[in-house]
Amino acid sequence: MLQTVGEMDGVNNSGVSEFLLLGISDSPEQQRVLFWMFLSMYLVTVVGNMLIILAISFDPQLHTPMYFFLANLSFTDLFFVTNTIPKMLVSLQSQNKAISYAGCLTQLYFLVSLVALDNLILATMAYDRYVAICRPLHYTTVMSPGLCILLLTLCWALSVFYGLTHTLLMTRVTFCSSPKIHYIFCEMYVLLRLACSNIEVNHIVLIATGCFIFLTSLGFMIMSYIRIVRAIFQIPSATGKYKAFSTCASHLAVVSLFYGTLGMVYLQPLQTYSMKDSVATVMYAVVTPMMNPFIYSLRNKDMHGALGRLLLGKAFQRLT
């Protein structure tokens, strides 16, 4: 363990002290465009997710399990983009492409952990919707504050363990001299493709833990929504059906966007993985965290009201 910490603080086994993040384009003109584009997207993401967190925190009407998990999802997305985009903006603006070995592994750790946390929170939100629609009379009892905190703690514990496992395994990997990363951040598959040593253990653990964390969560969400759909069809009135489905529509949209963009990047063998698959990377790392606040607030009247009260205060209350 002491040796591992030492490796992360300095140089890895092969003597590599830094990586070169080459990004998406080498053209100075395109880099200027990319800088302003990513800066704008980052600011929109930060403002959008911060507004969601503040609205839920300060509005008593939103102190429910659904919005509790939504606030944590927004915090995860906010942390996720802050882990990757600022360094990319510095690289685009200063033309300094280097990132230290320790910095790269730190970025990798938070990237892996936060993606897993996003996934687990989405699965927890699916369970919340299942209880709300399929067991409405027991919702308050089942989704108690204690259970919500327990579920969130479990999500954090699993994601931290997942990130630590892969980051520590990466410290065992030997890299060739002056490795160049044709990506916008230090990503798992890209680093493994740059390895000069045997990565069989990394690959096996990646598949095993990935299946457990992501496929199990996806399967749980699919089963939850199968039961939710059955329950919705049993509602006699069309208005009741629409109201029940509307409470799930935002979550379904976010799940589809999350797994769709994640699948574009990771649903392929390591041997055929392309380090220049930049469009999928941008979708997965930048667009998804930016879109989540819009998806959850677009048709949500409670969120509209909370955001109005947060931004306009008493003036909004008089208007409504």
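Quick note: structure is the one above.
Residues numbered from 1 in each chain as written. Predicted model: local features only at pLDDT ≥ 70, side-chain atom pairs only at ≥ 80, totals over all residues. Heavy atoms only, no water.

Student: Tell me about the pattern of salt bridges, residues and numbers included.
Tutor: Applying the stated criterion to the full structure yields two salt bridges. Of the charged contacts in the structure, one is a salt bridge between Arg 309 and Asp 59, with a shortest N-O distance of 2.6 Å. Placement of the pair is Arg 309 in helix 11 (residues 301-312) and Asp 59 in the loop between helix 2 (28-58) and helix 3 (65-94), with a sequence separation of 250 residues. Of the charged contacts, one joins Asp 128 and Arg 129 as a salt bridge, the two residues approaching to 2.8 Å between their closest N and O atoms. Owing to a relative accessible area of 1%, Asp 128 belongs among the buried residues under this scheme. (Salt bridge = Lys/Arg side-chain N within 4 Å of Asp/Glu carboxyl O. Helix = DSSP H or I, 4+ residues; strand = E, 2+ residues; numbered from the N terminus. Buried < 20%, exposed > 50% of the residue type's maximum accessible area, 1.4 Å probe, protein only.)

Student: Describe the sheet that holds strand 2 (residues 98-100), naming the residues involved and giving the relevant values.
Tutor: Read across the sheet, three strands follow the order 2-1-3 without closing on themselves; strand pairing throughout is mixed. The two strands at the open ends of the sheet, each matched to only one other strand, are strand 2 and strand 3 (180-181). When strand 1 (residues 18-21) meets strand 2, the two strands line up antiparallel, connected through three bridges. Bridging across to strand 2, Phe 19 finds its partner in Ile 99. Running at roughly 80 degrees to strand 2, helix 4 (residues 101-134) makes contact with strand 1, strand 2 and strand 3 of the sheet. (Pairing = 2+ DSSP bridges. Contact = heavy atoms within 4.5 Å. Axes fitted to C-alpha atoms, helices over the stretch in contact; angles between N-to-C directions.)

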